[in-house]
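# Observations on the three-dimensional arrangement
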Amino acid sequence: MTDQRTLVLLKPDTVRRGLVGEVLGRFEAKGLSIVAMQQRTIDGELADQHYAEHVERDFYPPLRTFVTSGPLVALVLAGEEAIEVVRALNGATDGRKAAPGTIRGDLSVSNRENLVHGSDSPESAEREIGIWFPGL
Ligand code: IDP
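How each quantity is defined
- Residues numbered from 1 in each chain as written.
- Predicted model: local features only at pLDDT ≥ 70, side-chain atom pairs only at ≥ 80, totals over all residues.
- Heavy atoms only, no water.
- Near = heavy atom within 4 Å.
- Polar contact = N/O pair within 3.5 Å; in protein donor to acceptor, adjacent residues only side chain to side chain.
- Areas by Shrake-Rupley, 256 points an atom, 1.4 Å probe, with all protein chains shown as cover.
- Nonpolar A, V, L, I, M, F, W, Y, C, P; charged D, E, K, R; others polar.
- Helix = DSSP H or I, 4+ residues; strand = E, 2+ residues; numbered from the N terminus.
- Pairing = 2+ DSSP bridges.
- Axes fitted to C-alpha atoms, helices over the stretch in contact; angles between N-to-C directions.
- Contact = heavy atoms within 4.5 Å.
- Core = buried A, V, L, I, M, F, W, Y, C linked by side-chain atoms within 4.5 Å.
- Buried < 20%, exposed > 50% of the residue type's maximum accessible area, 1.4 Å probe, protein only.

### As for the site of the ligand
Every residue near the ligand is listed here: Lys-11, Tyr-51, His-54, Phe-59, Leu-63, Arg-87, Thr-93, Arg-104, Asn-111, Arg-112 and Asn-114. A distance of 3.1 Å is found between an oxygen atom of the ligand and a side-chain nitrogen or oxygen belonging to Asn-111. Here an oxygen atom of the ligand sits 2.9 Å away from a polar atom, N or O, in the side chain of Asn-114. Protein coverage of the free-state accessible area of the ligand, which is 530 Å², stands at 79%. Here the residues of the shell around the ligand are counted per class, giving three nonpolar, four polar and four charged.

### Topic: the environment of Ala-99
Here Ala-99 shows up in the loop between helix H5 (82-90) and helix H6 (103-107). C-alpha of Ala-99 to C-alpha of Trp-132: the two residues are 33 residues apart in sequence and 29 Å apart in space.

### As for the sheet that holds strand E1 (residues 3-10)
Two pairing modes exist for strands in a sheet, parallel and antiparallel, and in both the strands are linked by backbone hydrogen bonds. An order of E2-E3-E1-E4 is seen for the four strands of this open sheet, with the pairing classed as antiparallel. A single partner strand is all that each edge strand has here, and the edge strands are strand E2 (33-40) and strand E4 (116-118). Geometrically, the sheet is characterised by an average inter-axis angle of 20 degrees between neighbouring strands, direction not taken into account. Across three bridges, the pairing between E1 and E4 is antiparallel. Following the sheet pairing, Leu-10 is matched in E4 by Val-116. Those strands touched by helix H2 (residues 20-30) are E1, E2, strand E3 (72-80) and E4, and its axis lies near 170 degrees from that of E1. Docked against the sheet, helix H7 (residues 122-132) engages E1, E2, E3 and E4, running at close to 55 degrees with respect to E1.

### Brief notes about the nonpolar core
In terms of nonpolar packing, the biggest core is built from 18 residues, with Leu-7, Ile-42, Val-67, Trp-132 and Phe-133 touching the most fellow members. Secondary-structure elements contributing two or more residues to this core are E1, helix H3 (44-50), helix H4 (60-67), E3 and H7. Of the residues forming this core, the biggest block, four residues, is contributed by H4. Sequence-distant contacts of Leu-7, that is, excluding residues within four places in its chain, are made with His-50, Leu-75, Val-76, His-117, Gly-118, Ser-119, Glu-128, Ile-129, Trp-132 and Phe-133. By size, the runner-up hydrophobic cluster in this structure holds 17 residues, among which are Val-8, Leu-19, Leu-32 and Val-73.

### Let's talk about the pairing of E3
For a regular strand, side-chain orientation follows a simple rule: the groups alternate between the two sheet faces. With eight of nine residues buried, E3 lies mostly within the body of the structure. Two strands pair when backbone bridges link them, and E2 and E3 are joined in this way by seven bridges, in the antiparallel orientation. Opposite Ala-36, over in E3, you have Val-76 as the bridge partner.

### With respect to unusual backbone geometry
Positioned with a positive phi, Glu-81 is a non-glycine residue whose angle comes to about 50 degrees. Topologically, Glu-81 is positioned in the loop between E3 and H5. Positive phi is not limited to glycine here, since Leu-115 has a value of about 75 degrees. Tracing the backbone through its elements, the reader meets Leu-115 in the loop between H6 and E4.

### A closer look at the side chain of His-117
For His-117, the position within the fold is in strand E4. Looking at His-117, the relative accessible area reads 11%, which means it is buried. Here Glu-128 takes part through its side chain, which lies 3.0 Å from a polar atom of the side chain of His-117. Excluding residues within four positions of it along the chain, His-117 makes contact with Leu-7, Val-8, Leu-9, Lys-11, His-50, Tyr-51, Asn-90 and Glu-128.

Take a look at the structure:
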């Protein structure tokens, strides 16, 4: 039993489509705790920090435009194996391929506008929490 923290984003498509309650509800129903939560619109600099490992990729410029396109909700969630649990709830990156029952599988048909982000390792989680919620 490992209690973990993870950084989750409800990306601008979630807010635009009015799905914040639906998506947040899935995390809460699973038993994860909300440690911090903030709605904000970010600039390109913060997007570059968050997606540091992707900034050179072909898909990054439109991703950067997308994540800065409107308000998103940043969260820190906690619980046993929270990192893996969140990624399982999120589903595969491409909404068209994500399994039914997952957030992306049920609610997204896009590889980019896929509603959610979840940290992919304990190291990423701590790095990302430091970016979005300094001092937490
Ligand atoms: P993840 O969010 O499932 O961990 P990553 O590979 O870390 O996936 O990619 C980060 C984000 O970049 C994805 O959630 C998605 O929004 C976007 N992305 C990844 N691959 C592609 C692609 O091939 N085309 C368009 N957007 C992509």
